[in-house]
Each structure stands twice: as C-alpha cells, then as structure tokens.
Amino acid sequence: MQKGIIDQALAYVKEQFEREYSGHDYFHTLRVFRMASRIANAEQADLELVQLAALLHDVDDRKLSPETYEQQTNVRSFLVAHGVDEATIETICKMIREVSFVGNESVIPATLEGKCVQDADRLDAIGAIGIARAFAYGGNHHRLMYHPDIKPNLNMNHEEYIRSQSTTINHFYEKLFKLTDMMNTRTAIQIAKGREAYMKAYVEEFLSEWDGNR
Ligand code: ADP
Ligand code: NI
C-alpha cells in the first residue's frame, strides 16, 4: 500500500466528521483507530488493514451517511484515490460491513483483522466513554434518561433495534451489558471486563439515587 496512506486517511476522516456531534464524531473514529491498533499489535494481526478499516468504518454509516451506506461509496472512493488494489478494497469493505451492531443479528467477522476492528468499535461503546456516548445519543434523539415503567427489550431484531424508542438506561441492558460476551479477541475481552464492571457500578448508583436511597 502507498506510503502515508494512514496519515491521509486520518486527515480524510477529520474533514468528514468535522461537523458531527452525535457521539459518532472524529474523536470516536480516532479512539477506535488507537484501540484497534493496540488490539492488532497484541493479537499479531495485519496492522495496516486494521488501521484503514478502523479509520474508515463510519464514513458510510447507515445513520450518518444513508445515501452512501449501501454501496460504501466513501470508503471505495478514498481507497481507489489512494491506489489500493481491488481485492484489498473488497477486504476492507467487508471488514467494515461486519463491524456494526445490529441487535441479535450482529455477525462474527470472518478474519482476525475484522475482529480487531469490531472489538475496538464496541469497546468505545462501554466504560466511562460509553456512558457519556449513550447519554449524548439519548439527548440527541430526545430520549428519556430513564423511566421506571419502560422495561428493556433484550431480544430485538435489526428493525426493532433501529426503531426502538427506549430509554438510555435501557440501552445499557439492551446493548452495552451484552458487549463483553460478544468480544472476539482475548485482548478486548480483558479490557471489556474492566469497563463493564465500571458501568454496572454506575447504573447501580444511578438507580439508587433515583429512588432517593443515596
Ligand atoms: P457504533 O456504530 O459506533 O457501534 P451506534 O451507531 O450503534 O454505534 O451508536 C453510537 C453510540 O450511541 C454508541 O455509544 C451507542 O452505545 C450509543 N447508542 C446507540 N443507540 C442508543 C440508544 N438507543 N440509547 C443510548 N445510546 C445509544
Ligand atoms: Ni463506530
């Protein structure tokens, strides 16, 4: 691959996400990039593939860019413009399609490299940053933080998950607490366990304060 392509991809996503504040901003991509690199090094995966897929994983996101989502147009244009061969482009596009969490229809990536990127994206949804992203997303979508009468739905299919109008606290049960068990690599499982314990303590504290018990 061309020398400097990673730096160019970094610059490209910075520009793409400049005006995005939904929790899917440039810094999300940057964190996924760093975490995916860390996992790839520990798991001895192909670093360049992992880094490119991590950097480009959200540029054709279904929510952020619905018009390029199906064809993965932004990913392809970037890679073509930087001289990446057709087979590698297909590999990276597939890795990116495998990343997304779609309720109980999520897939296990076919390659170690795909697993590193999926794990890194999911790790960014849990822990202290995950909590912040969940409430930022909830506010952005006019959701309640919590409602004692709205119960979590633990087994949603893709369409139900996309359309769900649940609360942000329910999101912890509907997605965030499931993620540790869905991690692929040993490296990510270790990190996820620590972050999950932190989130569980957080939700427990939230609910005690809600009931006036603390
Ligand atoms: P990604 O594509 O990065 O895996 P999503 O697009 O599913 O993530 O969501 C972006 C962020 O918003 C994640 O941190 C996720 O946990 C959070 N989020 C998604 N759906 C909800 C929801 N219904 N309530 C609260 N947070 C949510
Ligand atoms: Ni993402």
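For the structure, check the block above.
The text that follows walks through the structure, step by step, so that each part is easy to find. (Residues numbered from 1 in each chain as written. Chains lettered and ligands numbered in written order. Predicted model: local features only at pLDDT ≥ 70, side-chain atom pairs only at ≥ 80, totals over all residues. Heavy atoms only, no water.)

Remarks on the coordination of the nickel ion (ligand 2)
Line of reasoning, step 1. Those donors, His-28 (NE2), His-57 (NE2), Asp-58 (OD) and Asp-121 (OD), are the protein atoms that reach the nickel ion (ligand 2), and they lie 2.1 to 2.7 Å from it.
Line of reasoning, step 2. Summarised as a motif, the one-chain spacing of the donors to the nickel ion (ligand 2) is H-x28-H-D-x62-D. Pair noted here: Asp-58 is in the loop between helix H3 (47-56) and helix H4 (66-69) and Asp-121 is in helix H7 (residues 112-123), with a separation of 63 residues, a long-range link.
Line of reasoning, step 3. Relative accessible area serves as the criterion here: at 4%, Asp-58 is assigned to the buried category.
Line of reasoning, step 4. Its relative accessible area of 16% is what places Asp-121 among the buried residues. (Donors = N, O, S within 2.8 Å, 3.2 Å for Na, K, Ca; no water. Helix = DSSP H or I, 4+ residues; strand = E, 2+ residues; numbered from the N terminus. Buried < 20%, exposed > 50% of the residue type's maximum accessible area, 1.4 Å probe, protein only.)

With respect to unusual backbone geometry
Line of reasoning, step 1. With a phi angle near 55 degrees, Gln-44 is a residue other than glycine that sits in the positive phi range.
Line of reasoning, step 2. The residue Gln-44 is located in the loop between helix H2 (26-43) and H3 in this model.

Observations regarding H3
Line of reasoning, step 1. In terms of residue burial, H3 counts as a mostly covered element, since eight of its ten residues are buried.
Line of reasoning, step 2. When H3 is considered as a whole, its buried residues turn out to be Leu-49, Val-50, Gln-51, Leu-52, Ala-53, Ala-54, Leu-55 and Leu-56.
Line of reasoning, step 3. The inward-facing, buried residues of H3 contact helix H1 (5-16), H2, helix H5 (73-81), helix H6 (86-99) and H7.
Line of reasoning, step 4. One side-chain oxygen at the N-terminal end of H3 lies 3.1 Å from the backbone nitrogen of Glu-48; it belongs to Asp-46. (Contact = heavy atoms within 4.5 Å. Polar contact = N/O pair within 3.5 Å; in protein donor to acceptor, adjacent residues only side chain to side chain.)

Thoughts on the side chain of Asp-60
Line of reasoning, step 1. By secondary structure assignment, the location of Asp-60 is in the loop between H3 and H4.
Line of reasoning, step 2. Of the buried charged residues, Asp-60 lacks a salt bridge, with Arg-76 as the closest side chain of opposite charge at 7.1 Å.
Line of reasoning, step 3. At a separation of 2.5 Å, a polar atom in the side chain of Asp-60 contacts the side chain of Thr-68.
Line of reasoning, step 4. For Asp-60, the contacting residues outside a window of four places in its chain are Ser-65, Thr-68, Tyr-69, Gln-72, Thr-73, Asn-74 and Val-75. (Lys, Arg positive; Asp, Glu negative; His and termini not counted. Salt bridge = Lys/Arg side-chain N within 4 Å of Asp/Glu carboxyl O.)

Comments concerning the pattern of salt bridges
It is possible for side chains of opposite charge to pair when their charged atoms get near one another.
Line of reasoning, step 1. The final tally for this structure, using the stated rule, is seven salt bridges.
Line of reasoning, step 2. Glu-90 is the partner of Arg-76 in a salt bridge, and the nearest nitrogen-oxygen pair spans 2.7 Å. On the criterion of sequence distance, the pair formed by Arg-76 in helix H5 and Glu-90 in helix H6 is long-range, its members being 14 residues apart.
Line of reasoning, step 3. Via salt bridges that share partners, Arg-31, Asp-124 and Arg-133 belong to a single interconnected network.

Overview of the nonpolar core
Line of reasoning, step 1. One finds Leu-56, Leu-79, Leu-123 and Phe-172 to be the most contacted residues of the largest nonpolar core, which totals 55 residues.
Line of reasoning, step 2. Residue contributions to this core peak at eight residues, all from H2. (Core = buried A, V, L, I, M, F, W, Y, C linked by side-chain atoms within 4.5 Å.)

Quick notes on the state of the cysteines
Line of reasoning, step 1. In the structure shown here, the tally under the stated rule is zero disulfides.
Line of reasoning, step 2. Cys-116 supplies the cysteine sulfur nearest to Cys-93, a cysteine that is in no disulfide, at a spacing of 18 Å.
Line of reasoning, step 3. The class of Cys-93 is buried, set by a relative accessible area of 0%.
Line of reasoning, step 4. A relative accessible area of 0% places Cys-116 in the buried class. (Disulfide = S-S within 2.5 Å.)

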